[in-house]
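Here are the chains, one letter per residue:
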Amino acid sequence: MNQAATTDFRPAAPPGVADEQDGNGQDGNGQDGDDSVNNMAPTAFEQLMAQRDTEVHSSKASVSLDKVDVIFGQHVYRTVKGVMVGLLRGTPKETVTGRKVLDAIDLKVSPGDRLGIVGHNGSGKTTLLKVIAGILPPVHGGRNVVGTIAPVIAQGLGFEPDLPLRLNIKLGLAYSNRLAQHSRDIEDAILDFAELTEFADAQFQTLSSGMQARLTFATSLFQTPDILILDEVFATGDAHFVRKSQAAMMEHIERTPIVILVSHSAGLIREVCNRSILLDHGRMVEDGPTDKILDIYARRYG
Amino acid sequence: MVLSETLKTELKIVHFIAGVSLYKKYCGSLIGMGWSLLNPLVQLIVYFFAFGLIIKVPIENYFVYLAAGLLPWTFISASLINSATSITSRKGTCQNTAMPHWIFVLSDISCELFSTLIAMSLLLAVAIVTSDNALMIVALIVPVLLPVVIFTYGAGLVVAYLGVLYRDLPHLLNLFFSVMFWLTPVVYHWTMVPKSIEVFVKYNPFAMLFGSVQVLLHGGAAPTLDLMIATYVIALTAAAGGITMARRIGNKLIYAL
C-alpha cells in the first residue's frame, strides 16, 4: 500500500499509542485530537477484524469481467414482441436505443489488489461497482466473482423509515444477504459504533440525516467479506464520526483480500490503492499503478 | 427434498421480509392482526346478507360455501394484484442491493397467505364442527389448499416480472379480478348458470382451484380425482412459469425499473 501521501485515512493506532499530533495538540488536519479514534472499535468489531487476519493471504477471491457492456435506455422488452423474445432468450439483448454506460470492460482483480476507480462524473464508476457487486447484471459480456462480496454503495441499505432501528439493522443485514449473521450482540455492536444505542427503538425516520448515515455506515461495516466495494463512503456524519469511520474502514481494508474503491479524493485513492483504473465515458482507458493513473487523470481532467 | 444452502438462506430472507411487511401493516393499529380476521369476516357477512338473505341463493349452509370460495379468491386476487407492484415499489432497494427480486414477490404473497390462514383456520373449525366428515376434512385440507398456494406463488412471480414492463398491469388486474369474480362460482354454484356459459364458469382455472376447497369444506366430501389432478396441473404450470421467469430473467429487469 502506498504510504507516501500524508492524509487523514490512517488505520487506528493500537490502544495506548497516541495518534501523531502537531504542536497545538491537534492532528495533522488541524482538528481536535480525539482519543475515541484509538479506542473507537467495539469488541465485536475487533473480534471480527482479528478473525480476518489469517484469512487474507490465503484467499482465493477474484473478480473477472469479460467485455462487459451496460446500456441504460429503452429496451424492446417493453413491446409484446420484445417480451416474448426476451423471455425465450432470458436476456434483454434487444436494446434498440440507449446510452452505453460501460463499454467492453475487461477487468481482473486478485487477492492483494486494492483497486481504485477514477474518472470524470458520468464515466461509469458507480455503474462498474454495481456490476461487480452483482446489483446490475451486464447487458453483454460476462461477470465472474469468487468469494463473498460486500458493496457499500448507496446511502441506504433499503432501510424502512417507519421501522425501529433494531429491525432496520436486521433488514439491512437481510438485504445484504447477511441475515444468518444477525444476533442481538451484532445489533448492539452496530448501534454502539453508530453511537445510537439510546435510539435503538426509535423509528429510522426520526433520526437526523447524519444519524441515518451513521447507522447505514455502521451496518455496512460489520461484515467480513472477501471483496469489499466502497463508493465514496468515508464522508458520513459529523467530523468526529467521519474520523472514527475512516479509521475503522481502513482497518477493515487492511484485512480484506480485495478492495475496490471509487472516490474523487486522489489522496484517499493514493493512500488505499496499489492499483487503479481510469474510466472515460464508460471505457477503461488506463490500468496500472495508482501514482501513474492519478498523474494521467490529473493531466487530462485538471 | 434437499434444498441448496443458498436457497435455504433466501427462503429465510423471504420469511423475515414477510414478517416485516406484517409488522408494518398492523403496527400501531388498535386490533393489529385482528384485521386479518375482521376484513374477510365483514366481507363475508355483506355477501351473505346480499345473496343468502335477500336473493336467497338456494345453497344449503350458504355461509360456509361462501367462505370456502371467498377466502381463497381474496388470497389469489389480492396476492396477484400486490405482486404486480412487488418489484416496482422497491425500486430503491433493487437498485442498491443484489437481493434477487423474486424474494420480494414471495415475501408479499407470504404476508397475504398468513392473513388468509388466520381466517381459513376459523372456517376450518366451523366446517369441522358442522360436518359429519370432520376427519376427512382434516386429512384433506392441506392437499386441497396446496394447489391454491402454489398457483398463487407461481402466478405472482409471472405477474411481478410483467409488472415491471407494463405499469398498467396492476390496474388491469384489478379490472380482471372484478370481472372474474362474477364469472367464478364464489357466491353462486356453477349449476345455477345458463347452459350456454356453464362451460366457461365451471372450467375457469379459478373455479377449479377452489372448487375442491368448496367440495371439501362445504360439501364435506373428498374432491374427485379428476378435479384434484386438474388443480395440481394448473398450480404446477403456474409455478413452472414463475420459476422459469425468475431463473431466466433474474435481476435483468432492473434496467426497466
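The structure displayed is predicted, hence computed values, not measured ones.

1. Digging into the overall build of chain B
In terms of regular secondary structure, chain B is built from ten helices and zero strands. Tracing chain B from N to C terminus, the helices and strands come up as α-α-α-α-α-α-α-α-α-α. Scaling as 2.2 N^0.38, a compact globule of 257 residues should have a C-alpha radius of gyration of about 18 Å, and chain B matches this with 19 Å. Overall size of chain B, expressed as C-alpha extent along the three principal axes, is 55 × 45 × 40 Å. In chain B, which comprises 257 residues, the proportion classed as buried is 42%.

2. So, the overall build of chain A
Looking only at helices and strands, one finds ten helices and nine strands in chain A. Contacts in chain A between residues far apart in sequence, at least 24 positions, make up 70% of those at least 6 positions apart.

3. Concerning the sheet that holds strand E8 (residues 275-280) of chain A
Residue and element names in this part refer to chain A. The strand order E5-E6-E7-E3-E8-E9 describes an open sheet built from six strands, whose pairing is mixed. Two strands bound the open sheet, and with one partner strand each, they are strand E5 (149-152) and strand E9 (283-288). Mean inter-strand twist for the sheet, computed between neighbouring axes without regard to direction, equals 15°.

4. Digging into the sheet that holds strand E4 (residues 140-146) of chain A
Strand pairing in a sheet relies on backbone hydrogen bonds. The paired strands run either parallel or antiparallel. Residues and elements named next belong to chain A. With respect to topology, three strands assemble into an open sheet ordered E2-E1-E4, the strand pairing being antiparallel. Bordering the open sheet on either side are strand E2 (99-109) and E4, each of which pairs with just one other strand. Direction aside, the axes of adjacent strands within the sheet are offset by 20° on average. Strand direction decides the pairing type here: strand E1 (residues 62-72) and E4, joined by six bridges, are antiparallel. Across the sheet, the residue bridging to aspartate 69 is histidine 140, located in E4.

5. A short note on the interface of chain B and chain A
Listed as interface residues are 23 residues of chain B and, on the opposing side, 30 residues of chain A. Of all the elements in the fold, those that place two or more residues in the side of chain B that touches chain A are helix H1 (5-26), helix H4 (91-96) and helix H10 (225-249) of chain B. The element best represented in the side of chain B that touches chain A is H1(B), accounting for seven residues. Tallied by class, the residues present in the side of chain B that touches chain A amount to twelve nonpolar, seven polar and four charged.

6. Structural notes on the packing of helix H5 (residues 102-130) of chain B against helix H6 (residues 134-165) of chain B
Residues and elements named next belong to chain B. Their axes nearest at 10 Å, the elements H5 and H6 cross at an angle of 155°. Taken together, the axes of H5 and H6 lie roughly antiparallel to each other. Crossing angle aside, the handedness with which H5 passes H6 is right-handed. For the pair formed by H5 and H6, the contact residues are Trp102, Val105, Leu106, Ile109, Leu113, Leu124, Ala127 and Ile128 on the first element and Ala134, Ile137, Val138, Ile141, Val149, Thr152, Tyr153, Gly156, Leu157 and Ala160 on the second. Of the residues belonging to the contact of H5 with H6, the class tally is 16 nonpolar, two polar and no charged.

7. A few points about the nonpolar core
Membership of the largest hydrophobic core comes to 98 residues, with the highest contact counts inside it found for Ile190(A), Leu123(B), Val148(B) and Leu157(B). Setting aside its immediate chain neighbours within four residues, Ile190(A) contacts Ile169(A), Ala218(A), Thr219(A) and Phe222(A). Counting residues in each nonpolar core, the second largest holds 45 residues, with Ala150(A), Leu268(A), Val272(A) and Leu294(A) among its members.

8. Some details on the pairing of strand E7 (residues 258-262) of chain A
All names here are of chain A. Counting buried residues in E7 gives five out of five residues, a clear majority hidden from the surface. Side chains Ile258, Ile260 and Val262 project from E7 onto one buried face, and the interleaved Val259 and Leu261 project onto a second face that is buried too. Where strand E3 (residues 114-119) and E7 come together, four bridges link them in parallel fashion. The residue bridging leucine 115 from the neighbouring strand is isoleucine 260, located in E7. Where strand E6 (residues 227-231) lies against E7, five bridges are found, and the strand directions are parallel. Bridged to isoleucine 229 within E7 is isoleucine 260.

9. Points about helix H10 (residues 290-301) of chain A
All names here are of chain A. Given a rise of 1.5 Å per residue, twelve residues ought to cover 16 Å, and the 16 Å separating the end C-alpha atoms of H10 matches this to within 8%. Turning to H10, its buried residues number three or more, namely Thr290, Ile293, Leu294 and Tyr297. Taken down its axis, H10 places every buried residue within 95° of arc, on the same side. Seen from the open side of H10, the exposed residues pointing more than 90 degrees away from its buried face are Asp295 and Arg299. Check the buried side of H10 and you find it contacts E3, helix H9 (266-272), E8 and E9. Count one or two residues on from H10 and you reach glycine 302, which has phi positive near 70°.

10. Focus: the confidence of the model for chain B
Residue and element names in this part refer to chain B. With 99% of its residues at a pLDDT of 70 or more, chain B has an overall mean of 91. Ranking the helices and strands of chain B by mean pLDDT puts H10 first, with 95, and helix H8 (residues 195-202) last, with 85. As a predicted assembly, this complex carries a pTM of 0.82 together with an ipTM value of 0.83.

11. Re the confidence of the model for chain A
Averaged over chain A, the pLDDT score is 77; the fraction of residues at 70 or greater is 72%. A low-confidence stretch, residues 1-42 of chain A stays under pLDDT 50, and its non-local contacts, those more than four residues away or across chains, total 69 contacts.

The rules we used
- Residues numbered from 1 in each chain as written.
- Chains lettered and ligands numbered in written order.
- Predicted model: local features only at pLDDT ≥ 70, side-chain atom pairs only at ≥ 80, totals over all residues.
- Helix = DSSP H or I, 4+ residues; strand = E, 2+ residues; numbered from the N terminus.
- Rg over C-alpha atoms; globule rule 2.2 N^0.38 Å.
- Buried ≥ 20, exposed ≤ 12 C-beta atoms within 10 Å, placed from the backbone.
- Contact = placed C-beta atoms within 7 Å.
- Pairing = 2+ DSSP bridges.
- Axes fitted to C-alpha atoms, helices over the stretch in contact; angles between N-to-C directions.
- Nonpolar A, V, L, I, M, F, W, Y, C, P; charged D, E, K, R; others polar.
- Parallel < 35°, antiparallel > 145°, perpendicular 65-115°, else oblique.
- Left-handed = near helix turned anticlockwise from the far one by under 90°.
- Core = buried A, V, L, I, M, F, W, Y, C linked by C-beta atoms within 7 Å.
- Expected span 1.5 Å × (residues − 1).
- Arc of directions from axis to C-beta.
- pLDDT = per-residue confidence, 0-100.

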